[in-house]
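Observations on the model geometry
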Amino acid sequence: MMRLEATGLALPGRLDETGLTLAAGEMTCLIGPNGSGKTSLLHALAGIGHPAGEVRIDGADPRRAIAARRARLIAYLPATRELRWPLAARDLVLLGGADEGEALAAMSDLDLEAVADRRVDRLSTGERSRVLIARALAPRPRLLLLDEPTANLDPLWQIRLMDMLKLSLREHDQTALVAIHDLDAAARFGDRLIVMDKGQIAADGTPQAIFAGPWIADIFGIEKRDGVWQPAA
Amino acid sequence: MRATLSLLSSLLVAAFLLSLLLPWAPLAALFEQDRDLAWGVLAELRLPRAALALIYGAALGASGAAIQALFANPLASPDLTGTTSGAALGAVVTAYLIGFSSPIALSVGAVAGALGALALLLLLAGPRAETATLLLAGLAISALAGALTTLALALAPSPFAFYDAYDWLMGSLADRSLAQTAFAGVPALVMIVWLLRLVRPLDSLALGEEVAQSLGHDILGLRIRIVCLTALGVGACVAICGAIGFIGLVAPIFARRLSHSHPGRAILPAAAIGALLLIAADLVSRLAPLGRTLPIGVVTALLGAPFFLWLVAHMRWRLGAS
């Protein structure tokens, strides 16, 4: 069973310590308003921008691993889907550090075989998003850090992707931290929710516990009335 | 890509030989009269010129590809980012202070000028600049360096110094010694070899700076290395041959067709294409029936500017279409 432990992460709101432990096979959803520090937390774990603190995957610091091995430890999917160079979809997936077979498997999982040789700037927004997701998933990294993975995907693909991720986490002993704005999706797919507020972790627990508590109304300013989310009274 | 690279290298060998042997008639006549003199002409006049065209062209192509990969922008190049004009300014100021006689001082001055221009650009435009910001900042730096170069020329101590500097600024491969060739060639070669070791991180930049960092590449270190290396390679060539434009822009654009748009993997083919283009431009400048040799900077600008205009129009059209 893999285990991720992070301590002393310097996040905008709390410069001293933010710590986190994630277990294998679990999908943890990261929720919080805009600017609450979700992306900062993902960056700190991914080692983007020389962050402070310690990250350990099974006891070893993945941020010290050489590039070739690191792709199999951590994958980070940014929220932006912007691409500057018109690479072929397959070439883009291969840049993520997977071998040919893994790249093809990930592309076939995401139904991208037909567009493998097409330039990414000529794909639809949804296809391009799936190519970028395939890039992150292909090397089967131990820790997946995904920023809004379902953005730009149609409803069917949103469900297929999350189901596929959950299956992959269990089968391949991986763990995922998924920043997501859709609270219903977080409740449905998350094994655990972490609520971010003002740059720190405000709450951490099962979806049932989080939704039963005061955090959603307090932090997001919304509540569920008649089965739909509405601004809190 | 392997087949295309071997085709490119055979073309390069052919072009290099042509550059040594053309124009053929005076060389053949000389071989009939005085064999030793003919060998001397070949070794001391034509060889440095052909070698400089090869190495300067390769340096421009490789540095252009690296700068474009770094800025994630197909319009970045040593001339548009102010590297070349910064190097020219550095060399002119050095020449003004101590004369044109010392190639080492000129090289150091040019490399310092190029480094200053690139550092200023990174400061002004940022590492992932939008095309417009990058071009504006590059334009401003080029204009500033150009104005300061003109000022240095206007304050030249003598008309001869002015003429020397002006002639050199136009860019020329003629009448350089083997020693001068080495002064340009060694730093340029160091730059190319080192850039080729940075192909993987530069390719991973195609996924965005954050993803490249998450994959374990030190982007800040990469940026510093590329800035220093291109300043070294291009600066040393500018110090010996003056500023030659457009090759650093055009060669990587062709090269990425061969590297399937991989920005880092384009470095090697860009070096080959840059060398090929500069040897061809040099042949045109020598063989054009105008009674005298054209400055090579003029030839590359005359050929390159229309291509650049086409590129801008093409990009505008594509952006408008999407």
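Rules and cut-offs
- Note that residues are indexed from 1 along each chain, following the sequence as it is written.
- A letter from A marks each chain and a number from 1 marks each ligand, given out in the order of writing.
- Restriction of local features to residues with pLDDT of at least 70 applies here, the model being predicted, together with a cutoff of 80 or more for giving and counting side-chain atom pairs; totals for whole chains, interfaces and linings are based on all residues.
- To obtain the side-chain values, all non-hydrogen atoms of the structure were included, while hydrogens and water were left out.
- Residue contacts are counted whenever heavy atoms from the two residues lie within 4.5 Å of one another.
- Values labelled buried area give the accessible surface lost by two parts on being combined, using a 1.4 Å probe and summing over both.
- A pair is scored as a salt bridge if a Lys or Arg side-chain nitrogen falls within 4 Å of a carboxyl oxygen belonging to Asp or Glu.
- Counting of polar contacts relies on pairs of N or O atoms within 3.5 Å, with two restrictions inside protein: one atom must be capable of donating a hydrogen and the other of accepting it, and residues adjacent in sequence are counted only when both atoms are side-chain atoms.
- For the purposes of this entry, the term helix denotes a DSSP run of H or I that reaches at least four residues, the term strand denotes a run of E that reaches at least two, and both are numbered from the N terminus.
- Side-chain classes follow a simple rule in which Ala, Val, Leu, Ile, Met, Phe, Trp, Tyr, Cys and Pro form the nonpolar group, Asp, Glu, Lys and Arg form the charged group, and the remainder, Gly included, forms the polar group.
- To pair, rings of Phe, Tyr and Trp, with the six-membered ring standing in for Trp, must have centres within 6.5 Å; the planes then decide the type, stacked if under 30 degrees apart, edge-to-face if over 60, and tilted in the middle.
- When a residue's accessible area, from a 1.4 Å probe over protein chains only, is under 20% of the maximum for its type it is buried; when over 50% it is exposed; and in between it is partly exposed.

Some words on the interface of chain A and chain B
Many descriptions give the size of an interface as the accessible area lost when the pieces come together. Residue-level contacts link 23 residues of chain A with 27 residues of chain B. Of all residues in chain A, the largest losses of buried area upon contact with chain B belong to Arg 84, Trp 85 and Leu 95 of chain A, amounting jointly to 39% of the total for that side. For the interface between chain A and chain B, the tally reads zero salt bridges. For the pair chain A and chain B, the interface holds four residue pairs in polar contact (both at pLDDT 80 or more). Of all the elements in the fold, those that place two or more residues in the side of chain A that touches chain B are helix 1 (38-46), helix 2 (67-70) and helix 3 (89-94) of chain A. Considering only residue class, the side of chain A that touches chain B consists of twelve nonpolar, five polar and six charged.

Considering the packing of aromatic side chains
The full count for this structure, using the stated rule, is three aromatic pairs over all chains. On the basis of an interplanar angle of 45° and a centroid distance of 6.1 Å, the ring pair of Phe 211 of chain A and Trp 229 of chain A is categorised as tilted. With Phe 211 of chain A in helix 8 (residues 207-212) and Trp 229 of chain A in strand 11 (residues 228-231), the pair connects residues that are 18 residues apart, well separated along the chain. With a relative accessible area of 27%, Phe 211 of chain A lands in the partly exposed category. On the basis of relative accessibility, which here comes to 26%, the residue Trp 229 of chain A falls in the partly exposed class. On the basis of an interplanar angle of 40° and a centroid distance of 5.6 Å, the ring pair of Phe 254 of chain B and Phe 307 of chain B is categorised as tilted. In this pair, Phe 254 of chain B is assigned in helix 12 (residues 247-258) and Phe 307 of chain B in helix 14 (residues 296-321), connecting sequence segments 53 residues apart. On the accessibility criterion, Phe 254 of chain B (38% relative accessible area) is partly exposed. By relative accessible area, which is 18% here, Phe 307 of chain B ends up buried. Members of the aromatic cluster, each reached through a chain of ring pairs, are Phe 254, Phe 307 and Trp 310 of chain B.

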